[in-house]
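Chains, contacts and geometry: an overview
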Amino acid sequence: MFRRFKPLWGKKPGLKSTYDAVIIGGGLHSLATAYYLAKEQGMSNVAILEKNFIGFGGAGRNTAIVRANQRTQENVPLYKEALDLWPILTKELDYNLMFNNCGNLNLMHSEAAMNAARMNVCTAQFHGVESHLLDPRQIKELEPAINISPDITYPIHGAMFHPPGGVIRHDAVVWGLAKGAAAHGVHIHQQTEATAIHTDGGKITGVETHRGRINSPRVLVSAGGYSAGIINKMMGVKLPISVLTIQAMVTQPLKPVLHHVVSSGMYHAYANQTLKGEIATGAHMDQWPNYTTLTTAHYIKHQAEALSEFLPFLRGVKFMRHWAGLADMTPDMAPIMDGNDPVEGFYMNCGWGYFGFKSCTAAGRHMASFIAKGECPERLKPFGLRRYENHRLMGETAALVTYTPDN
Ligand SMILES: Cc1cc2nc3c(=O)[nH]c(=O)nc-3n(C[C@H](O)[C@H](O)[C@H](O)COP(=O)(O)OP(=O)(O)OC[C@H]3O[C@@H](n4cnc5c(N)ncnc54)[C@H](O)[C@@H]3O)c2cc1C
């Protein structure tokens, strides 16, 4: 006897003709919004439309790093709230999200970068986020695998250490949130593409899909790298978003050797060791806008060269798999979360770049409140689209503390 496979998020629901809210995209932010809409806002007649399968986008491709030590006073509290929610969600969803709060070490390779890191640490500490500066000797004590020798291309001057950050299994987050949302009555429609958004008299009236029309007074576009295209095509609103490819890869499994997430803006590389022993590593993005999810030999070579300098134990280790996904980048590297503009009932949550995994819990929770009540929560107010029109960009690009030779 074979047991039939039953997805965690229950039986495939039928597509109803009317929902209270429709969410376009089956990624992290959509699933989190739907979960909190149903659980905390009492709105469970909600449909998620996903043109492929849930987790197809950045949700299933990211390198699973979470942290709260962003740069600006608007962003740090949001990411702190998101970080604090992981252990709570693990219990609430009754699903092991595999949160490993191993801490993040952000390496600095110049005195200018150390000064910038000082500012980050101060902002973080001001908002109650644990973050410290370390000198090279302290780095070596904490993470012996790091090469602090002065004989590398970019010698290490110090690091920003953020103990509460770490990694979480990204697929588990997708499945856990889908399980939780479905248990509260949300309909998850996979292989269902949204093709148009309908409006009438300045209000949202529904969404067209290739399976038919759905009536709804509210629609949220939360489709990662595809959001800007959807919003431009379906609503005629052009967003200041460029879509770039980010690549990542894993090595063969090794014995436990790397105990923190280690990143270097200067080398454009970061790495952590997964529970399976592989070293998962990612880097900066391709420098030209595109929608491809292909990997390149150039990037693999760059990664090998960078890692073998500051993590020399990786010399000679084999890469086993590589993949790529899309990053929707705004000019200030902060997201766009907005609603009821230009028409009532229209909401958007996008522009997360490569920060969209770590933030999805808190962002989804506040978006749910926004959609249910129609009023923008205080925490989301700084992230409105009109900040670009009003020249009120955030300084979140500094969260990277990169200081590469060309900037
Ligand atoms: C290689 C890589 C590494 C990364 N590492 C990290 C990291 O370590 N930490 C971190 O915080 N972030 C990281 N990110 C970024 C993070 O993954 C994204 O910011 C996040 O996934 C965005 O979530 P989302 O819910 O907005 O969109 P996504 O998860 O991308 O989901 C969007 C979904 O919308 C669907 N869709 C598109 N068009 C339609 C349509 N017309 N109708 C229906 N559905 C549609 C897509 O199929 C897709 O499933 C990384 C990204 C990549 C690519």
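A quick note: this is a predicted structure, and the numbers were derived from the prediction, not measured.

**Section: the pairing of strand β18 (residues 336-339)**
Burial along β18 is two-sided: I336 and D338 and M337 and G339, pointing in opposite directions, are all buried. Where β18 meets strand β19 (residues 346-350), four bridges bridge the pair, whose relative direction is antiparallel. For G339, the partnering residue across the bridge sits in β19 and is Y347. Linking β18 back to β19 in an antiparallel pair, the connection comprises six residues, with N340 at a positive phi of about 55°.

**A word on the domain arrangement of the protein**
Accessible area lost on assembly of the parts is the figure often given for the size of an interface. In terms of domain boundaries, the protein breaks down into domain 1 (21-62 + 171-239 + 333-399) and domain 2 (134-157 + 242-329). In this structure, domain 1 and domain 2 have C-alpha centres spaced 31 Å apart. Across the boundary between the two partners, domain 1 contributes 13 residues, which contact nine residues of domain 2. When its residues are assigned to classes, the side of domain 1 that touches domain 2 shows five nonpolar, seven polar and one charged.

**Points about unusual backbone geometry**
For the bond from D341 to P342, the omega torsion is 5°, close enough to zero to count as cis. Relative to the elements of secondary structure, P342 occurs in the loop between β18 and β19. Of note in the backbone geometry, D94 takes a positive phi value of approximately 55° without being a glycine. Mapping D94 onto the fold places it in the loop between α2 (75-93) and β4 (104-108). Even without a glycine there, the phi angle at M98 is positive, about 55°. Within the secondary structure, M98 is located in the loop between α2 and β4. Note on M98: 18 C-beta atoms within 10 Å, which makes it partly exposed.

**Describing the sheet that holds strand β11 (residues 212-215)**
Strand pairing in a sheet takes place through backbone hydrogen bonds and is either antiparallel or parallel in direction. A sheet is described by the order of its strands in space; here three strands give the open sequence β9-β10-β11, paired in antiparallel fashion. Each end of this open sheet is capped by a strand with a single partner; those strands are β9 (194-200) and β11. Taking the axes of each pair of neighbouring strands and ignoring which way they run, one obtains an average angle of 25° across the sheet. Where β9 meets strand β10 (residues 203-209), six bridges bridge the pair, whose relative direction is antiparallel. Residue pairing in the sheet places D200 in a bridge with K203 of β10.

**Looking at the nonpolar core**
Grouped together as the largest cluster of nonpolar side chains are 129 residues, with contacts concentrated most on I24 and L31. Counting residues per element, this core draws most heavily on helix α1 (residues 28-40), which supplies eight residues. The two domains that each donate at least three residues to this core are domain 1 (21-62 + 171-239 + 333-399) and domain 2 (134-157 + 242-329). Excluding residues within four positions of it along the chain, L31 makes contact with G26, I48, I54, V174, L177, A178 and A181.

**What to know about the site of the ligand**
Every one of the 39 residues lining the ligand counts as a neighbour, but G27, G57, G58, G224 and G356 are closest to it. Elements represented by at least two residues in the shell around the ligand include exactly α1, β13 (242-251) and β17 (319-329). A total of three residues in the shell around the ligand trace back to one element, the largest contributor, which is α1. When grouped by side-chain class, the residues that make up the shell around the ligand number 18 nonpolar, 16 polar and five charged.

**Focus: the sheet that holds strand β5 (residues 132-134)**
The strand order β5-β6-β4-β14-β15-β16-β13-β17 describes an open sheet built from eight strands, whose pairing is mixed. Strand pairing shows two members of the sheet lacking a second neighbour, β5 and β17, which therefore form its edges. Recorded for the sheet is a direction-independent mean angle of 20° between the axes of neighbouring strands.

**Notes on the packing of α1 against helix α8 (residues 360-373)**
Orientation of α1 relative to α8, taken along the N-to-C sense of each, is 55°, at an axis distance of 7 Å. Viewed along their axes, α1 and α8 adopt a mutual orientation that is oblique. Along this stretch, α1 crosses α8, giving a crossing that reads as right-handed. The residues of α8 that touch α1, namely those facing L28, H29, A32, T33, Y35, Y36, L37 and E40, are C360, T361, A363, G364, R365, M367, A368, I371 and A372. Broken down by class, the residue content of the contact of α1 with α8 amounts to eleven nonpolar, four polar and two charged.

**Thoughts on the pairing of β19**
For β19, the tally of buried residues reaches five of five residues, placing the bulk of the element in the interior. Burial along β19 is two-sided: the face carrying F346, M348 and C350 and the face carrying Y347 and N349 are both buried. As defined by bridge partners, strand β12 (residues 219-221) adjoins β19 across three bridges and the pair is classed as parallel. Bridge pairing links V221 to M348 in β19.

Cut-offs applied
Residues numbered from 1 in each chain as written. Predicted model: local features only at pLDDT ≥ 70, side-chain atom pairs only at ≥ 80, totals over all residues. Buried ≥ 20, exposed ≤ 12 C-beta atoms within 10 Å, placed from the backbone. Helix = DSSP H or I, 4+ residues; strand = E, 2+ residues; numbered from the N terminus. Pairing = 2+ DSSP bridges. Domains from an automatic or database assignment. Contact = placed C-beta atoms within 7 Å. Nonpolar A, V, L, I, M, F, W, Y, C, P; charged D, E, K, R; others polar. Axes fitted to C-alpha atoms, helices over the stretch in contact; angles between N-to-C directions. Core = buried A, V, L, I, M, F, W, Y, C linked by C-beta atoms within 7 Å. Near = placed C-beta within 6 Å. Parallel < 35°, antiparallel > 145°, perpendicular 65-115°, else oblique. Left-handed = near helix turned anticlockwise from the far one by under 90°.

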